[in-house]
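# Report on the structure
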Amino acid sequence: MARNFSIQRQTGFTTIAVICFVALYAPIVILVVYAFNSGSSIANWEGFSLRWFAQAWNNNQVIEASWRSLRIASAAAVLATIAATMAALATTRTAPYRGLTFKYAFINQPLMVPEIVTAVALLIFFSRIKVATGYSGLGYLILAHTAFCIPFAYLPIRARLEGMDLTLERAAADLYATPWQTFRRITLPLLWPGILAGLMLAFVISLDDVVITNFVKSGGQDTLPTYMLGQLRRAITPEMNAISTVFLLLSVGIVTLFFFISRKQD
Amino acid sequence: MPDLPDKNAIEVHGVRKVFGTGETQVAALDTVSVSIRENEFFTLLGPSGCGKTTLLRLIAGFDFPTEGEILLYGDDIAPLPPFKRPVNTVFQSYALFPHMTVAQNIGFGLEMLGKPKAEIDARVTAMLKLVKMEQLARRRTSQISGGQQQRVALARALAPQPKVLLLDEPLSALDYKLRKEMQIELKRLQHETGITFIFVTHDQEEALAMSDRIAVMSTGKILQVGSPWDIYDRPAERFVADFIGETNFMDAEVISVAGDRATVKLLSGTDISATFPAGTTPDGKVTIVVRPEHARVVAASTKSALSGVIENIVYLGTDTHFHVKLADGSPFIVRQQNSRSGPCGFDKGESVGVDIASDVAQILKD
Ligand SMILES: Nc1ncnc2c1ncn2[C@@H]1O[C@H](COP(=O)(O)OP(=O)(O)OP(=O)(O)O)[C@@H](O)[C@H]1O
Ligand SMILES: [Mg+2]
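Residues numbered from 1 in each chain as written. Chains lettered and ligands numbered in written order. Predicted model: local features only at pLDDT ≥ 70, side-chain atom pairs only at ≥ 80, totals over all residues. Heavy atoms only, no water.

Moving on: the overall build of chain A. In terms of helices and strands, chain A carries 12 helices and zero strands. What you see in chain A, going N to C, is helices and strands ordered as α-α-α-α-α-α-α-α-α-α-α-α. C-alpha atoms of chain A, sized along the principal axes, occupy 75 × 70 × 30 Å. Expressed as a percentage of the 266 residues in chain A, the buried residues total 39%. The long-range fraction of contacts in chain A, counting pairs at least 24 apart against all pairs at least 6 apart in sequence, stands at 70%. When the 20 basic and 12 acidic side-chain charges of chain A are each reduced to a single mean position, those positions are 3 Å apart. (Helix = DSSP H or I, 4+ residues; strand = E, 2+ residues; numbered from the N terminus. Buried < 20%, exposed > 50% of the residue type's maximum accessible area, 1.4 Å probe, protein only. Contact = heavy atoms within 4.5 Å. Lys, Arg positive; Asp, Glu negative; His and termini not counted. Charge placed at Lys NZ, Arg CZ, Asp CG, Glu CD.)

Right under this line is the structure:
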């Protein structure tokens, strides 16, 4: 009898599931397929070729934007993860007190404030600093990315910390480990999968950002996503598909890598 | 009983520990004072929530007393953080480091003390031998059984040769048979290492079997401290008598006191001699306790202290329990060893006498 109550047997379940899958994956499949089109249309299939990958590879602007994206994402992910780790330690290794919830909200602010608002605010803020200091390097983008990556790095780290047995740290202290030794020898190794998860999540999020980047970047500071957005204003060729396909592979690769690392740790 | 040196390893002076504030305040420890001697196997015994763990945590330094002081070999340890106290703990959950091997766990304390590698290796090997875990040195702690984890936790806490070892219900997670084995093992370890053990349990049998001295606790207070024999045979208070083993409580009246013995008149009219807690002078109406195994069921015709009717007979293999309803209506339990085979010779519903051995009754503090 219980089988009859299974959600999979409810009327319409299969239909809705299929629609969701198609809506999620069909566009991506089509995008990837047309990356290999030998013609220059993204709608008419003319045969298989790798010419668009080759063209993207030889396009200096694409390569430059990619490098810039990777550099910003790496720096922002590392900074955000360090900040998130400290924040997670501070919010879990303490007895609950009034205002702790407020602190969570404060740390997760980028998840709540509309991105466009942050973007405009940063644009105004940074432009003043630019004028005052004369510096106009990648630092602004890295700072901005760090800020909105923190909550993404924070959540998995905090989850890991909350699942961790506090008596382990107490046991270390009992065995003559100073607080710093306890952190380095016990807390950090056990926290590592959470930190890696946070790092990779932050990396992918930063790599993907358009809105804030578009507002904050100075001239000649296109990242891959903003470069692609710029190209859309002109004729679209399967080169965009090719770039997107590589981008997709990179993201999936990172997430898979993380999955295996965290599996091995447990 | 072994001869114990009189030096005190730990002295607890008037320690109070209050959790919470205002209306939600609880005194987990209420003015506790106790001295624990060097090389002693000392047990804190009491029901759940009586403050045993709290007292251990104060000694280990994970928490601080609200009032009072704790001395370690005469020195106040209040200013020392846990990692500077020469005191180690075996945690109830073991708290083994999951990312280290058995050997790394055991060596951790010595490593943190900055001992040279050769010395650490030698000690780890010795400790592994002591707890009979040589074969499993390279295993992860998640890959060994509960009993083995227990041994590793012990070895890890013993390796730095602490002055005092604190054990918080270390055997409660083990099954009955393993627990019995580990009880003997722990006694052996304590004997071989000569380290002062403070052991926490709520299992009275375990406490009696293992301890040199026992402190019985209830709701944040220590009620009685003494050898297992003292605690069992000479309980000072009703709670102690009731918590440890089965007991018969009886009303009686003190007739006379001579030295450390008193003569009391039971409700049945019989006079018996009884002991009383040192430092008290019993008089008037008192409560006395008699352990079930210190009484005997005899034929009704025999001259005896009490008489009654057998309400129930429970055969338990090694001994038999007689539930007797005394002439005044109160229940009384007699436990008799089955020293010969065959039926006990009494029947349910039979009128019998109950004889009490001399000097076994104890008068409680009122
Ligand atoms: N951190 C705390 N905050 C508030 N109350 C506490 C805290 N720790 C202990 N208590 C209270 O103090 C009392 C004693 O607790 P404790 O843990 O010492 O008991 P215990 O004798 O070890 O019990 P058990 O046998 O269940 O382990 C309990 O009433 C408990 O609720
Ligand atoms: Mg406890």
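All names here are of chain B. One non-glycine residue, Tyr 94, lies in positive phi territory at about 70°. If you trace the backbone, Tyr 94 turns up in the loop between strand S6 (87–90) and helix H2 (102–112). On the basis of relative accessible area, Tyr 94 is assigned to the buried category, the value being 6%. A positive phi angle, close to 65°, is found at Asp 359, a residue other than glycine. Position of Asp 359 among the secondary structure elements: in the loop between strand S19 (351–356) and strand S20 (361–363).

Next up on the list: the pairing of strand S8 (residues 196–201) of chain B. Residue and element names in this part refer to chain B. Burial of S8 is extensive: six of the six residues sit out of reach of the surface. Residues Thr 196, Ile 198 and Val 200 point to one face of S8 and Phe 197, Phe 199 and Thr 201 to the other, with burial holding for every one of them. Taken together, the five bridges between strand S3 (residues 41–45) and S8 define a ladder with parallel strand orientation. Paired with Thr 43 across the bridge in S8 is Phe 199. Pairing of strand S7 (residues 164–168) with S8 involves five bridges; the strand directions are parallel. Bridging across to S8, Leu 165 finds its partner in Phe 197. (Pairing = 2+ DSSP bridges.)

For the rest of this paragraph, the subject is the environment of Ala 80 of chain A. Residue and element names in this part refer to chain A. Its location among the elements puts Ala 80 in helix H3 (residues 60–92). Taking the C-alpha atoms as reference, Ala 80 lies 8.4 Å from Phe 148; in sequence the two are 68 residues apart. Among all residues touching Ala 80, those that are not within four sequence positions of it are Thr 146, Cys 149, Ile 150 and Ala 153.

Right, let's talk about the nonpolar core for a bit. Membership of the largest hydrophobic core comes to 87 residues, with the highest contact counts inside it found for Ile 10, Leu 44, Phe 97, Phe 108 and Ile 198 of chain B. Looking at this core, the element that brings in the most residues is helix H7 (residues 139–162) of chain A, giving 11 residues. Excluding anything up to four places from it in sequence, Phe 97 of chain B contacts Leu 168, Ala 171, Ala 172, Leu 175 and Ile 186 of chain A together with Asn 105, Phe 108, Thr 141 and Arg 156 of chain B. Membership of the second largest hydrophobic core comes to 36 residues, among which are Val 90, Tyr 94, Met 133 and Leu 171 of chain B. (Core = buried A, V, L, I, M, F, W, Y, C linked by side-chain atoms within 4.5 Å.)

Moving on: the packing of aromatic side chains. All chains considered together, the criterion is met by 15 aromatic pairs over all chains. Relative to Tyr 140 of chain A, the ring of Tyr 135 of chain A has its centre 5.4 Å away and its plane inclined at 40°; by these criteria the two rings are tilted. A relative accessible area of 42% places Tyr 135 of chain A in the partly exposed class. In this structure Tyr 140 of chain A comes out as buried when scored by relative accessible area, which is 5%. Ring geometry for Phe 322 of chain B versus Phe 346 of chain B: centroids 6.1 Å apart, planes at 90°, classification edge-to-face. On the criterion of sequence distance, the pair formed by Phe 322 of chain B in strand S17 (residues 319–326) and Phe 346 of chain B in the loop between strand S18 (331–337) and S19 is long-range, its members being 24 residues apart. Since its relative accessible area comes to 1%, Phe 322 of chain B is described here as buried. An aromatic cluster is defined as three or more aromatic residues linked by ring pairs; in this entry it consists of Phe 125, Phe 126, Tyr 135 and Tyr 140 of chain A. (Phe/Tyr/Trp six-rings, centres within 6.5 Å; stacked < 30°, edge-to-face > 60°.)

Quick look at the site of ligand 1 now. Residue and element names in this part refer to chain B. Neighbouring residues of ligand 1: Phe 19, Ala 28, Ser 48, Gly 49, Cys 50, Gly 51, Lys 52, Thr 53, Thr 54 and Glu 169. Thr 53 has a polar side-chain atom sitting 2.6 Å from an oxygen atom of ligand 1. In isolation ligand 1 exposes 630 Å². Once the protein is present, 59% of that is buried. For the shell around ligand 1, the element with the most residues is helix H1 (residues 52–60), which contributes three residues. Along the lines of polarity and charge, the residues of the shell around ligand 1 split into three nonpolar, five polar and two charged. (Near = heavy atom within 4 Å. Polar contact = N/O pair within 3.5 Å; in protein donor to acceptor, adjacent residues only side chain to side chain. Areas by Shrake-Rupley, 256 points an atom, 1.4 Å probe, with all protein chains shown as cover. Nonpolar A, V, L, I, M, F, W, Y, C, P; charged D, E, K, R; others polar.)

Residue and element names in this part refer to chain B. Here we have five strands laid out as an open sheet, ordered S15-S19-S16-S17-S18, and antiparallel in their pairing. In the strand order of this sheet, the two ends are held by strand S15 (295–299) and S18, each with one partner. Put simply, the sheet's adjacent strands are angled 45° from each other on average, direction ignored. Alignment of S15 against S19, held across five bridges, turns out to be antiparallel. Within the sheet, the bridge partner assigned to Ala 295 lies in S19 and is Ile 356. (Axes fitted to C-alpha atoms, helices over the stretch in contact; angles between N-to-C directions.)

Take a nonpolar patch on the surface next. Residues and elements named next belong to chain A. Among the surface-exposed residues, Phe 21, Leu 24, Tyr 25, Ile 28, Val 29, Val 33, Trp 45, Phe 48, Leu 50, Leu 248 and Val 252 lie close enough to one another that they form a single nonpolar patch of about 1,100 Å² accessible area. Those elements that place two or more of their residues in the nonpolar patch are helix H1 (13–35) and helix H12 (238–265). If you tally residues by element for the nonpolar patch, the top one is H1, at six residues. Assignment of secondary structure puts Val 33 in helix H1. (Patch = residues over 30% accessible without salt bridge, like charges linked within 9 Å, V, L, I, M, F, W, Y side chains within 5 Å. Salt bridge = Lys/Arg side-chain N within 4 Å of Asp/Glu carboxyl O.)

Residues and elements named next belong to chain B. Turning to its location among the elements, Glu 246 is positioned in the loop between helix H8 (238–243) and strand S11 (248–258). Separated by 88 residues in sequence, Glu 246 and Val 334 have C-alpha atoms that sit 9.9 Å apart. Look past the residues within four positions of Glu 246 in its chain and what remains in contact with it is Arg 291, Pro 292, His 321, Ile 333 and Arg 335.

Take H1 of chain B next. Residues and elements named next belong to chain B. Across the nine residues that make up H1, a large majority, seven, are buried. Those residues of H1 not exposed but buried are Lys 52, Thr 54, Leu 55, Leu 56, Leu 58, Ile 59 and Ala 60. Within two residues after H1, Gly 61 carries a phi angle of roughly 95°, on the positive side.

A few words on the domain arrangement of chain B. Here chain B is partitioned into domain 1 (8–233) and domain 2 (246–363). Inter-centroid distance (C-alpha atoms) of domain 1 of chain B to domain 2 of chain B is 39 Å. (Domains from an automatic or database assignment.)

Facing 18 residues of chain A, the contacting portion of chain B comprises 26 residues. Taking both sides of the interface into account, the surface hidden between chain A and chain B amounts to around 1,900 Å²; carbon and sulfur atoms contribute 67%. It is Asp 174, Leu 175 and Tyr 176 of chain A that lose the most area in chain A upon contact with chain B, and together they represent 40% of the buried surface on that side. Applying the counting criterion to the chain A and chain B interface returns one salt bridge. (Buried area = accessible area lost by both parts, 1.4 Å probe.)

So, about the packing of helix H4 (residues 146–158) of chain B against helix H5 (residues 176–193) of chain B. All names here are of chain B. Where H4 meets H5, the axes come as close as 12 Å, and the angle between the chain directions of the two elements is 15°. Between H4 and H5, the angle falls in the class roughly parallel. Two packed elements cross with a definite hand, and for H4 against H5 that hand is right-handed. Contacts from Gly 147, Gln 150, Arg 151, Leu 154 and Leu 158 in H4 reach Leu 178, Glu 181, Met 182, Glu 185, Leu 186, Leu 189 and Thr 193 in H5. Broken down by class, the residue content of the contact of H4 with H5 amounts to six nonpolar, three polar and three charged. (Parallel < 35°, antiparallel > 145°, perpendicular 65-115°, else oblique. Left-handed = near helix turned anticlockwise from the far one by under 90°.)

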